[in-house]
Amino acid sequence: MATVYINKTNLFKNLSKISSINPNILAVIKDNAYGHGIITISKLLKEFGIKRVCVRNNNEAEIIKGFFEEILVFNPKTNRNAVNISYAINSLSQLKKNRHPYIHLKINTGMNRNGIEIEEVEEALNLILEKNFELRGVFSHFCCSEEENTDTFIQYQKFKELREKIIKFCQKHSLKTPYFHLANSTALSKLPDTFDYVRPGIAIYGGIEEYEPVMSLVADAVSIREIENDGVGYNKTFFSKEKVKLTTIDIGYADGIPYFRHGCKLKDTQAVGKISMDYMSVLGKFKKEVVVFDDIKEFVKNFDTITYDILVKISPRIKRVVIE
Ligand SMILES: *Cc1c(COP(=O)(O)O)cnc(C)c1O
C-alpha cells in the first residue's frame, strides 16, 4: 500500500519563513490542503499557531470548523453558518442574495476571474451597511505574481488606494475596520507592503522554489522479474534487448499520478513503459518500497504541468502519515 508522508519539520520551516515576512497568515488549505490531507494539515497548522485558514467550499469548512478562529470560504454556496465561518463575496449579485453575516469582500483588481469591480465598491459598502453585515476582510488576487511583470505592481497599487477609501468609509460609518489581504505565495517577497494578512497556499507545501517540500509519496513493491529481449506493460512501449531487472510498484494513474507512455524519473530509479491504473514498473530490484517523489519540484519536471496540479490530485485514499 502506498503512503503519503507529511514532513512536519519542513512544513514548520515554510511557515516560519512566511512568518518572517508577515506573521499574520491566512493559510490556504483548499482542495484537501493541496492534496496533503485537510485534517492532517489542519492539526499541524493549529499546532504551529495558525488561527485563520481559507477553504474552497462549505463542505471543507464544516470538516475543520473546530480547529480555527476563522475559516474563509472562497466559494460559498449555502447561507447562514457558524460564527467562525466567513464568506468571500465574489460578485455584487452574490452580495445582494447573501444572508450569511460574516463576509470578506473580494475585489477584482485585474485578474478578471472573481470579485466585484472597483466601480462597484461604493455600492457594495452601502449594501453591507444597510444589511448590517460584518465586513471582516477585503482582498484581491494576483494574476501574474509568479512572473516579473508590471501587472502585480498595478494590482498592488489599485488595492492600496481602495484600502484607504474603504478605511475612510468604515470610519465615517463607525464600522469596524476590516483586515486587508492580498499576497499569495509568489507575491510574498515581491510587495513593498503585505498589509494585514498574507494568503499563501503553495509555499506552505513547498511547491515553489525557496520552500521545503512537505509531501513524499512512497509505494510498495508488488513483484520482481527479469526480462531480456522483451517489453513491459501495456503495448510494451519499453523494450529491452539486454537483461534488466524490474519491480512493479503499487501506484498508478488511479492514485493521481499523471499518465505517461514512456516512463518517468522517480527519486531513486526510473519508471519504464506505460503507467497502469494501479501499478507502474521501475528499473531495479526493490524488495520493499520505492520513493516515487520526495520533492514535487523535481517530479513535476516529468510532465507538462505545475506542482499544484500533481499535488491536489494525489488520491485522498492514500494514507497520510506525519513524520518529523
Ligand atoms: C488558491 C488561492 C490562493 C493561494 O495561492 P498560492 O499560489 O497557492 O499561494 C490565494 N488566494 C486565492 C483567492 C486563491 O484562490
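In every chain, residue numbers begin from 1 and rise along the written sequence. At least 70 in pLDDT is required for a residue's local features to be given in this predicted model, at least 80 for side-chain atom pairs to be given and counted, and no such filter applies to totals for whole chains, interfaces and linings, which use all residues. Values reported for side chains reflect all heavy atoms of the structure, with hydrogen atoms and water molecules removed beforehand.

Looking at the site of the ligand
1) Next: Nearness is judged by heavy atoms alone; a residue qualifies as near a molecule or strand once a single heavy atom is within 4 Å of it. Surrounding the ligand, one finds 14 residues, the nearest of these being Lys30, Tyr34, Ser185, Arg199 and Tyr308.
2) Next: Two N or O atoms count as a polar contact when they lie within 3.5 Å, although within protein this holds only if one can serve as hydrogen donor and the other as acceptor, and sequence-adjacent residues are included solely when both atoms are side-chain atoms. For the ligand, an oxygen atom lies 2.5 Å from a polar atom in the side chain of Ser185.
3) Next: Throughout, the Shrake-Rupley method with a 1.4 Å probe supplies accessible areas, and for residues the shown protein chains are the sole cover considered. In the complex, 92% of the free accessible area of the ligand, which totals 390 Å², lies under the protein chains.
4) Next: In terms of residue class, the shell around the ligand is made up of six nonpolar, four polar and four charged. Ten residue types, Ala, Val, Leu, Ile, Met, Phe, Trp, Tyr, Cys and Pro, are classed as nonpolar, four, Asp, Glu, Lys and Arg, as charged, and the remainder, Gly among them, as polar.

A word on unusual backbone geometry
1) Next: Even without being glycine, Asn32 reaches a positive phi, approximately 55°.
2) Next: Examined against the element boundaries, Asn32 turns out to sit in helix 2 (residues 30-34).
3) Next: Positive phi outside glycine occurs at Phe195, with the angle close to 60°.
4) Next: Elements are defined by DSSP. Helices are runs of H or I of four residues or more, strands are runs of E of two residues or more, and each kind is numbered from the N terminus. Positionally, Phe195 belongs in the loop between strand 8 (179-181) and helix 8 (202-205).

Section: the sheet that holds strand 7 (residues 134-139)
1) Next: DSSP calls a pair of strands paired once it identifies at least 2 bridges connecting them. Here seven strands make up an open sheet; going across it, the order is 2-3-4-5-6-7-8 and the pairing parallel. Strands at the two margins of the open sheet, each flanked by one partner only, are strand 2 (26-28) and strand 8. Between one strand axis and the next, the sheet turns by 30° as a mean value, whatever way the strands run.
2) Next: Pairing of strand 2 with strand 3 (residues 52-55), which is carried by three bridges, proceeds in the parallel orientation. Counted as the bridge partner of Leu26 is Arg52 from strand 3.
3) Next: Contact criterion: two residues are considered in contact whenever any of their non-hydrogen atoms come within 4.5 Å of each other. For helices, the axis comes from a line fit to the C-alpha atoms of the stretch in contact; other axes are also lines fit to C-alpha atoms, and the angle between any two N-to-C directions lies between 0 and 180 degrees. Strands strand 7 and strand 8 of the sheet are contacted by helix 7 (residues 150-172), whose axis makes an angle of about 170° with strand 8.

Describing the packing of aromatic side chains
1) Next: Centres within 6.5 Å make a pair out of two Phe, Tyr or Trp rings, where for Trp the six-membered ring is used; the pair is then stacked when the planes are under 30 degrees apart, edge-to-face when over 60, and tilted otherwise. Summed over all chains, the structure comprises 14 aromatic pairs.
2) Next: Between the aromatic rings of Tyr34 and Tyr205, the centroid separation amounts to 4.8 Å while the plane-to-plane angle is 25°, which identifies the pairing as stacked. One end of the pair, Tyr34, is in helix 2; the other, Tyr205, is in helix 8, with 171 residues separating them in the sequence.
3) Next: For Tyr34, a relative accessible area of 6% puts it in the buried group.
4) Next: For the ring pair Phe293 and Phe299, a centre distance of 5.0 Å and an interplane angle of 25° mean the geometry is stacked.
5) Next: The cut-offs for exposure are 20% and 50% of the maximum accessible area for each residue type, with area from a 1.4 Å probe on protein chains only; residues under the lower value are buried, those over the upper are exposed, and the others partly exposed. Residue class for Phe299 comes out buried when judged on its relative accessible area of 2%.

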